[in-house]
Amino acid sequence: GVKTALTLDSVEIASNGSTQSCVIVSHADVTITLRGINKLDCNYGTTGSVGGAALAKEGMDGFLTVQCEYADKEGHQCDDSCGTLIAKGNVPHAGAIGSTISNAGKAGEGGFCNFRIKGGNLEVSGGTHVAGIGSACNSQVYAGGYTKNIYISGGNIKATGTERGPGIGGGYGRDFDGLYITGGKVEARGGASAPGIGTSSGQDGTYKLKNVHISGGDTIDIAIGDKSTKMPGIGSAFRNSNVSNVK
């Protein structure tokens, strides 16, 4: 498969109806190194089945890694001197980091899988029905895509969801299988009817969260569900029986 590396150095990109997404990773292994302050704003999305993402990764194959330039230095802990990525979905169904609803119904394109954060300062927030980090709205219903295998080993991450969108996980109509945090500082907040980390409501109450492992002596993890709709910090919007192997 295709493997490539690129550096974002004080970049500002805003998408529109023509470009749809700011940066697109498609069926490839890509490493993005952050320098300076980088801003990706997705302004493409509607209340229908249309929307892009600030940093889009389509499909359940390939691997996307985001890191600072010091990520491989032993003992490094990110601070303000490290590269920053601010990724936002500013309208309904516009994602921050994840797949896109525009491709959710295409076989092999839906779902968000194999994403790693090794370092950097990340601030991400999605549009309505979209997780801060995760697959697009209804991708599982349309073509079987969901959120799987997110790895965080460093960095400072603040991920915010909106209505039916968790900070990290499966928003409206998606499972979430596999979150492995071994380092860094993570703060994940869910919007209405969504946990901080996990699965929100959708077409029904079957969407599952499994395999969440948080470890590492330097790891700080804060997960906050929406208070007004009584959502958990980590879990499912519907019932505890939808949650397994969380530790």
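Residues numbered from 1 in each chain as written. Predicted model: local features only at pLDDT ≥ 70, side-chain atom pairs only at ≥ 80, totals over all residues. Heavy atoms only, no water.

Examining the sheet that holds strand 2 (residues 12-14)
Stage number 1. Pairing is parallel in the open sheet, where seven strands are placed in the order 2-5-8-11-14-17-20. Only two strands of the sheet have a single neighbouring strand rather than two, namely strand 2 and strand 20 (220-224). Strand-to-strand twist in this sheet, taken as the mean axis angle between neighbours without regard to direction, amounts to 5°.
Stage number 2. In the sheet, strand 11 (residues 121-125) pairs with strand 14 (residues 156-160) via five bridges, with the strands oriented parallel. Each residue of the ladder has a partner; that of Ser-125, found in strand 14, is Thr-160. (Pairing = 2+ DSSP bridges. Helix = DSSP H or I, 4+ residues; strand = E, 2+ residues; numbered from the N terminus. Axes fitted to C-alpha atoms, helices over the stretch in contact; angles between N-to-C directions.)

Regarding the sheet that holds strand 7 (residues 63-68)
Stage number 1. Strands sit in the order 1-4-7-10-13-16-19-22 across an open sheet of eight strands; the sheet is parallel. Two strands close off the open sheet at either side, each with one partner strand: strand 1 (3-9) and strand 22 (243-246). Neighbour-to-neighbour, the strand axes of this sheet turn through a mean angle of 15°, independent of strand direction.
Stage number 2. Alignment of strand 19 (residues 209-214) against strand 22, held across three bridges, turns out to be parallel. From the neighbouring strand, Leu-209 faces strand 22, where its bridge partner is Val-243.

Some details on the pattern of salt bridges
Stage number 1. Following the criterion strictly, the structure yields three salt bridges and no others.
Stage number 2. Here Glu-69 and Arg-35 are joined by a salt bridge, their closest N and O atoms 3.3 Å apart. Taken together, the positions of Glu-69 in the loop between strand 7 and strand 8 (84-89) and Arg-35 in strand 4 (residues 29-35) put the pair 34 residues apart, joining distant regions of the chain.
Stage number 3. Here Glu-69 falls in the partly exposed class, since its relative accessible area comes to 39%.
Stage number 4. Its relative accessible area of 35% is what places Arg-35 among the partly exposed residues.
Stage number 5. Its salt-bridge partner being Asp-72, residue Lys-118 comes within 2.8 Å of it at the nearest N-O pair. Here the residue Lys-118 occupies a position in the loop between strand 10 (112-117) and strand 11, and Asp-72 occupies one in the loop between strand 7 and strand 8, the gap between them amounting to 46 residues. (Salt bridge = Lys/Arg side-chain N within 4 Å of Asp/Glu carboxyl O. Buried < 20%, exposed > 50% of the residue type's maximum accessible area, 1.4 Å probe, protein only.)

What to know about the packing of aromatic side chains
Stage number 1. In this structure the tally under the stated criterion is three aromatic pairs.
Stage number 2. Ring centres of Phe-112 and Phe-115 lie 5.5 Å apart, and the angle between their planes is 50°; on these two criteria the pair is classed as tilted. When sorted by exposure, Phe-112 lands in the same class as Phe-115, which is buried.
Stage number 3. Between Tyr-151 and Tyr-180 the ring centres are 5.3 Å apart and the planes differ by 20°, which places this aromatic pair in the stacked class. Of the two residues, Tyr-151 sits in strand 13 (residues 147-152) while Tyr-180 sits in strand 16 (residues 176-181), which places them 29 residues apart along the sequence.
Stage number 4. The class of Tyr-151 is partly exposed, set by a relative accessible area of 26%.
Stage number 5. You can call Tyr-180 partly exposed: its relative accessible area is 23%.
Stage number 6. Members of the aromatic cluster, connected to one another through ring pairs, are Phe-63, Tyr-151 and Tyr-180. (Phe/Tyr/Trp six-rings, centres within 6.5 Å; stacked < 30°, edge-to-face > 60°.)

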